[in-house]
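Residues per chain are reported as follows:
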Amino acid sequence: MMIVVFSGAGLSAESGIPTFRGDGGLWEGYKIEDVATPLGWMQNQKLVLDFYAQGFEKMQKCQPNAAHFAIAELANHFDVVCITQNIDTLLEKAGVKDVWHIHGRIDYQKCEWHFDIPPMYSEWQCNYKSPINKPVEWGDLCPKCGKHLRPDVVWFGEAVDMRVDDLYKIQNQVDVFIVVGTSAQVYPAANLLKFFQDVPTKYFIDPDPNYELLDGFTVLEGKATKYLPALIESLKEELA
Ligand code: NAD
Ligand code: ZN
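Chemist: What should I look at first to understand the side chain of threonine 84 in this one?
Modeler: Its place among the elements puts threonine 84 in strand β2 (residues 79-84). Polar side-chain contacts of threonine 84 include one of 2.8 Å to the side chain of serine 7.

Structural data, given as structure tokens:
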């Protein structure tokens, strides 16, 4: 029995981490192009680092909610592949061991010349990446090559490592596909809805679902903590 859980910012909203499009959020006072694009980084590294330093402090303080714990519980019982667009580590805090962070994670740093999908010329690549317990500061340099360090998050316009080889290995083995808390508007991540379209049982949990994308899904229109724990309990009973 294999289950894929694909999550977005809505999963962590009830833990106090605002969603991308929500009001009063992480982005308040900042323009996305200034703090979440390669051009923004080139123009003002200090501003970008200040923004992520705030995100780091905030996310470190947040705690997993009932939906994160429900996913951890599911992973204890079944073969679960947990794919998230979130850069927070609340799934790990809830006890999920192997999370695919396709947009990176806030508790890692990398060299500004590290690319998850390597560039054409290998001399343009430095593979330095490491866990951190304090945010990257302006002036922190890569111990390997001396270029600047940056947060290990994927910015708009950067390549996303979708782990395509791993995805193809599981595509035809997946029995249940659960999507939670995503607007499914950020690509290529949102392609997963199409990639897993033939999975026999599919659920979509979100208070504001985009029905146009949800052919074949059972839609649970509401918050993650309202529906996910109950869904997972019923799956445990049904599939045990
Ligand atoms: P999004 O902001 O585009 O969409 C969030 C979705 O969550 C919306 O559809 C909304 O209706 C839904 N939602 C709001 N509250 C919810 C709740 N309580 N329960 C369930 N769903 C709820 O987010 P996205 O689709 O993940 O894409 C945004 C991008 O921004 C991603 O790339 C992500 O990496 C990044 N981001 C990450 C975090 C985080 O790490 N927690 C937070 C904000 C943005
Ligand atoms: Zn380097």
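Chemist: How do you make sense of the coordination of the zinc ion (ligand 2) when you look at a structure like this?
Modeler: For a metal with four tetrahedral donors the ideal donor-metal-donor angle is 109.5 degrees, while six octahedral donors give ideal angles of 90 or 180 degrees. Binding of the zinc ion (ligand 2) to the protein goes through Cys111 (SG), Cys126 (SG), Cys142 (SG) and Cys145 (SG), at separations of 2.2 to 2.4 Å. Considering all 4 donor atoms around the zinc ion (ligand 2), angles at the metal cover 100 to 116 degrees and the coordination shape is tetrahedral. For the zinc ion (ligand 2), the single-chain donor residues occur in sequence as C-x14-C-x15-C-x2-C. Highlighted residues: cysteine 111 in strand β4 (residues 104-111) and cysteine 142 in the loop between β5 (129-131) and β6 (149-153), separated in sequence by 31 residues. Residue cysteine 111 shares its accessibility class with cysteine 142, and that shared class is buried.

Chemist: Before we go on, may I ask you to explain the packing of helix α5 (residues 66-77) against helix α9 (residues 224-239) in this structure?
Modeler: The geometry of a pair of packed helices is captured by two quantities: the angle between their axes and the separation between those axes. Contact geometry of α5 with α9 gives a least axis separation of 8 Å together with a crossing angle of 15 degrees. Classified by the interaxial angle, the pair formed by α5 and α9 is roughly parallel. Note on packing geometry: the crossing formed by α5 with α9 is left-handed. Along the contact surface, α5 presents Ala66, Ala67, Ala70, Ile71, Glu73, Leu74 and His77, while α9 presents Ala224, Thr225, Leu228, Pro229, Ile232 and Lys236. Of the residues assigned to the contact of α5 with α9, the class counts are 9 nonpolar, 2 polar and 2 charged.

Chemist: Whenever I open this one, the sheet that holds β2 confuses me. Can you help?
Modeler: Within a beta sheet, neighbouring strands are joined by backbone hydrogen bonds and run either parallel or antiparallel to one another. The 6 strands are arranged β3-β2-β1-β7-β8-β9 in an open sheet whose pairing can be described as parallel. Two strands lie at the open edges of the sheet, namely β3 (99-101) and β9 (218-220), each paired on one side alone. Strand after strand, the sheet turns through a mean of 15 degrees between neighbouring axes, direction not considered. Where strand β8 (residues 201-205) lies against β9, 3 bridges are found, and the strand directions are parallel. When the sheet's bridge partners are listed, isoleucine 205 is paired in β9 with leucine 220.

Chemist: Just to check I follow, could you spell out a nonpolar patch on the surface for this structure?
Modeler: On the surface, Trp113, Phe115 and Trp124 cluster together to form a nonpolar patch covering roughly 290 Å² of accessible area. The residue phenylalanine 115 is located in the loop between β4 and β5 in this model. Note on phenylalanine 115: relative accessible area 31%, which makes it partly exposed.

What counts as what
Residues numbered from 1 in each chain as written. Chains lettered and ligands numbered in written order. Predicted model: local features only at pLDDT ≥ 70, side-chain atom pairs only at ≥ 80, totals over all residues. Heavy atoms only, no water. Helix = DSSP H or I, 4+ residues; strand = E, 2+ residues; numbered from the N terminus. Polar contact = N/O pair within 3.5 Å; in protein donor to acceptor, adjacent residues only side chain to side chain. Donors = N, O, S within 2.8 Å, 3.2 Å for Na, K, Ca; no water. Tetrahedral: all angles 85-135°; square planar, octahedral: opposite > 155°, others 65-115°. Buried < 20%, exposed > 50% of the residue type's maximum accessible area, 1.4 Å probe, protein only. Axes fitted to C-alpha atoms, helices over the stretch in contact; angles between N-to-C directions. Parallel < 35°, antiparallel > 145°, perpendicular 65-115°, else oblique. Left-handed = near helix turned anticlockwise from the far one by under 90°. Contact = heavy atoms within 4.5 Å. Nonpolar A, V, L, I, M, F, W, Y, C, P; charged D, E, K, R; others polar. Pairing = 2+ DSSP bridges. Patch = residues over 30% accessible without salt bridge, like charges linked within 9 Å, V, L, I, M, F, W, Y side chains within 5 Å. Areas by Shrake-Rupley, 256 points an atom, 1.4 Å probe, with all protein chains shown as cover. Salt bridge = Lys/Arg side-chain N within 4 Å of Asp/Glu carboxyl O.

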